[in-house]
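For reference, the chains in residue letters:
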Amino acid sequence: MKLLVVLSCLLVVLSNGVSASSDVAAFMKHLEVIPDVIDEGPKDFLTVTYDKIFKADKGVELSPTQVKNQPVVEWEEADPSEYYTLLMTDPDAPSRAEPKFREWHHWLVGNIPGNNVSKGDVLSAYVGAGPPKGTGLHRYVLLVFRQSKKLDFDEPRLTNTSGEGREKFNTRKFIEKYGLGAPIAGNFFQAQYDDYVPTLYKQLSGK
Ligand SMILES: *[C@@H]1O[C@H](CO)[C@@H](O)[C@H](O)[C@H]1NC(C)=O
Ligand SMILES: *[C@@H]1O[C@H](CO)[C@@H](O)[C@H](O)[C@H]1NC(C)=O
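Residues numbered from 1 in each chain as written. Chains lettered and ligands numbered in written order. Predicted model: local features only at pLDDT ≥ 70, side-chain atom pairs only at ≥ 80, totals over all residues. Heavy atoms only, no water.

**Q** Tell me about the sheet that holds strand β2 (residues 47-50), residues and numbers included.
**A** Strand order in the open sheet made by the three strands is β3-β2-β5, with antiparallel pairing throughout. The open sheet has two edge strands with one neighbour each: β3 (54-55) and β5 (72-74). Where β2 meets β3, two bridges bridge the pair, whose relative direction is antiparallel. Each bridged residue has a counterpart across the sheet, and for Thr 49 the counterpart in β3 is Lys 55. (Pairing = 2+ DSSP bridges. Helix = DSSP H or I, 4+ residues; strand = E, 2+ residues; numbered from the N terminus.)

This is how it looks when you write it as structure tokens:
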């Protein structure tokens, strides 16, 4: 336990050091998040932390087991008098090689005051990574947008007990529909099948 605490502190120190000096868009281009999801990258790294330990950072591989619970997401430019939208999406559905359901979106929260995600309007509840067996690594992209004002989202409200309505999401169209512009912060990780995925599918089938 002590080791984990030391390790996670070290990770925090390391990732803070890197994010100050490097370019999130470069990492996104390297793994083709740009242009597969967005055209213009954010200038800031989003800090995404699962269970206080696992950081979803710069395309690192995490397992479906590690990302099963909603992460804590933080961004620097968080003005409490402004509203923000948070999105997590997988362009590699059902696989990066043949993404015919691109994108399967995992999380969508609008009207977040400052960076208090718990105060936002949950449009699509958080669902962890569930890449099908044999489909290789999927990219999971988290983006934060600053809204120009409080918005009236006419999206369907999706729970975490059904997979319906998640596929064929289009980040570009969503950005355009709500006039969100380029994301202000973002990050991403990759994941492939592990033995938590059947549990997730069971959850999504409402059982
Ligand atoms: C977010 O809002 C909740 C509910 O009002 C509050 O309890 C919590 O302290 C806030 N968190 C932060 C980080 O401001
Ligand atoms: C699903 O959402 C409910 C709240 O709507 C929450 O209590 C539960 O922990 C979530 N389940 C998972 C696996 O995230």
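**Q** How would you explain the pattern of salt bridges if you had to name every residue and give the values?
**A** In total, this model carries 12 salt bridges according to the counting rule given. One salt bridge in this structure joins Glu 32 and Arg 96, with 2.9 Å as the shortest N-O distance. Here Glu 32 is found in the loop between α2 (24-30) and α3 (33-36), whereas its partner Arg 96 is found in the loop between β6 (83-90) and β7 (104-113), with 64 residues between them in sequence. Residue class for Arg 96 comes out partly exposed when judged on its relative accessible area of 28%. Between Lys 43 and Glu 77 there is a salt bridge whose closest N-O contact spans 3.3 Å. Of this pair, Lys 43 sits in the loop between α3 and β1 (44-45) while Glu 77 sits in the loop between β5 and β6, and the two are 34 residues apart along the sequence. For Lys 43, a relative accessible area of 57% puts it in the exposed group. Taken together, the shared-partner salt bridges connect Asp 36, Asp 92, Arg 102 and Arg 139 into one network. (Salt bridge = Lys/Arg side-chain N within 4 Å of Asp/Glu carboxyl O. Buried < 20%, exposed > 50% of the residue type's maximum accessible area, 1.4 Å probe, protein only.)

**Q** Hey, could you go over unusual backbone geometry for me, with residue numbers and the actual values?
**A** Here the amide bond leading from Ala 93 into Pro 94 is cis, since omega sits at 0°, within 30 degrees of zero. If you trace the backbone, Pro 94 turns up in the loop between β6 and β7. Cis geometry marks the peptide bond from Arg 102 to Glu 103; its omega dihedral reads -10°. A positive phi angle, near 55°, is found at Lys 58, a position not held by glycine. Mapped onto the elements of the fold, Lys 58 is located in the loop between β3 and β4 (60-61). A positive phi angle, close to 60°, is found at Lys 168, a residue other than glycine. Mapped onto the fold, Lys 168 is located in the loop between β9 (138-146) and α4 (171-177).

**Q** So what's going on with the site of ligand 1? Which residues, and what values?
**A** By nearness alone, every residue bordering ligand 1 is listed as Asn 116, Ser 118 and Lys 119. Taking Asn 116, its side chain carries an N or O atom lying 2.3 Å from an oxygen atom of ligand 1. Coverage of ligand 1 by the protein amounts to 28% of the 360 Å² it exposes when considered alone. (Near = heavy atom within 4 Å. Polar contact = N/O pair within 3.5 Å; in protein donor to acceptor, adjacent residues only side chain to side chain. Areas by Shrake-Rupley, 256 points an atom, 1.4 Å probe, with all protein chains shown as cover.)

**Q** So, helix α5 (residues 197-204): which residues are in play, and what are the values?
**A** Within α5, the full set of buried residues consists of Val 197, Leu 200 and Leu 204. The buried side chains of α5 occupy one side of the element, clustering within an arc of 60° when seen end-on. In this structure, the buried side of α5 is in contact with β7. Once α5 ends, the next one or two residues include Gly 206, with phi positive near 85°. (Arc of directions from axis to C-beta. Contact = heavy atoms within 4.5 Å.)

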